[in-house]
Amino acid sequence: MNGRQSTVTILMADDDEEDSMLVREALAESQLSIELYIVKNGEELMDYLYNRGQYTEKSNAPRPGLILLDLNMPKKDGLEVLRDIKTDPYLRQIPVVVLTTSSAEEDIYYTYDLGANSFIIKPVTFDSLVEVMQAVGKYWFEIVELPLEAVGGRNGQQPHQSSSS
């Protein structure tokens, strides 16, 4: 793995518990060294990234090397979250892979316009999901070069938000 850290953090934002469980199982099957953290909506995702609320303890919310983002979530949807992430200098280097059931062409175009790194339609079978998770993990953590802080090389500073540290 090019001398990179052995375990990579993936943050998944998806309100569908079954989808989250299937992705967790698919990542386990893929035998990649990944820690998966799951949040249920866009507000919780932003709290995680900014170490707010239940995520103030950085050890409970390590900086992700990759975000898997569903578009259809309550409170704050995936498009709003994607816009927030890609306009924040502290967060925009984190790759965001949209993983959604939507195949609407306007969603595909709009997510790329907002800065998504990839758009994947959720596979319908578990075996296909395992293949996708293996490919995602291999591509993002073994093939491409990411900035060190994107893969945990630095425990990044607080973003442009108030902090107590």
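Scroll up to find the structure this text is about.
Structure report, in brief.

Overview of the side chain of D107
Consideration 1: With respect to the element layout, D107 can be found in helix 4 (residues 105-114).
Consideration 2: Nearest to the buried, unbridged D107 among oppositely charged side chains is R83, at 11 Å.
Consideration 3: Setting aside chain neighbours within four positions, we find D107 in contact with L71, S102 and F119.

What about the nonpolar core?
Consideration 1: Counting residues in each nonpolar core, the largest one holds 26 residues, and the members touching the most others are L45, L49, I67, L69, I85 and L91.
Consideration 2: At the level of secondary structure, the elements contributing two or more residues to this core comprise strand 1 (8-13), helix 2 (42-49), strand 3 (66-69), helix 3 (78-86) and strand 4 (96-100).
Consideration 3: Apart from the residues within four sequence positions on either side, L45 is in contact with L11, A13, V39, I67, L69, V81 and I85.
Consideration 4: Counting 21 residues, the second-largest nonpolar core is a separate cluster that includes V23, L68, F141 and V144.

Some remarks on the pattern of salt bridges
Consideration 1: Under the criterion given, the structure shown has 4 salt bridges.
Consideration 2: For D47, the salt bridge is made with R52, and the minimal N-O distance between the two is 3.0 Å.
Consideration 3: Measuring nitrogen to oxygen at the nearest pair gives 2.6 Å for the salt bridge that ties D84 to K76.
Consideration 4: Classification of D84 as partly exposed rests on a relative accessible area of 25%.
Consideration 5: Through salt bridges that share partners, D14, D19 and K122 make up one connected network.

Re unusual backbone geometry
Consideration 1: The backbone phi angle of N51 is positive, close to 50°, even though this residue is not glycine.
Consideration 2: For N51, the position within the fold is in the loop between helix 2 and strand 3.
Consideration 3: Phi at K75 is positive, roughly 70°, even though this residue is not glycine.
Consideration 4: Relative accessible area serves as the criterion here: at 64%, K75 is assigned to the exposed category.

Overview of the environment of F119
Consideration 1: The topology assignment puts F119 in strand 5 (residues 118-121).
Consideration 2: Along the sequence, F119 and I108 sit 11 residues apart, while their C-alpha atoms lie 6.6 Å from each other.
Consideration 3: Not counting chain neighbours up to four residues away, the residues in contact with F119 comprise L71, V98, T100, S102, D107, I108, T111 and Y112.

Description of the packing of aromatic side chains
Consideration 1: Under the defined criterion, the tally for this structure stands at 3 aromatic pairs.
Consideration 2: Of the aromatic side chains, those joined through ring pairs into one cluster are Y37, Y48 and Y55.

Some remarks on the sheet that holds strand 3
Consideration 1: Read from one edge of the open sheet, 5 strands run 2-1-3-4-5, paired in parallel fashion. On the outer flanks of this sheet lie strand 2 (34-39) and strand 5, each paired with one strand and no other. On average, each strand axis in the sheet is inclined to that of its neighbour by 20°, with strand direction left out of account.
Consideration 2: Here 6 bridges tie strand 1 to strand 2, and the two strands are oriented parallel to one another. Bridge pairing in strand 2 places T9 opposite E35.
Consideration 3: The strands touched by helix 1 (residues 17-30) are strand 1, strand 2, strand 3 and strand 4; relative to strand 2, the strand with the most contacts, the crossing angle is about 175°.
Consideration 4: Strand contacts of helix 5 (residues 126-143): strand 1, strand 2, strand 3, strand 4 and strand 5, with the helix running at about 145° to strand 3, the strand carrying the most contacts.

Calculation criteria
Residues numbered from 1 in each chain as written. Predicted model: local features only at pLDDT ≥ 70, side-chain atom pairs only at ≥ 80, totals over all residues. Heavy atoms only, no water. Helix = DSSP H or I, 4+ residues; strand = E, 2+ residues; numbered from the N terminus. Buried < 20%, exposed > 50% of the residue type's maximum accessible area, 1.4 Å probe, protein only. Lys, Arg positive; Asp, Glu negative; His and termini not counted. Salt bridge = Lys/Arg side-chain N within 4 Å of Asp/Glu carboxyl O. Contact = heavy atoms within 4.5 Å. Core = buried A, V, L, I, M, F, W, Y, C linked by side-chain atoms within 4.5 Å. Phe/Tyr/Trp six-rings, centres within 6.5 Å; stacked < 30°, edge-to-face > 60°. Pairing = 2+ DSSP bridges. Axes fitted to C-alpha atoms, helices over the stretch in contact; angles between N-to-C directions.

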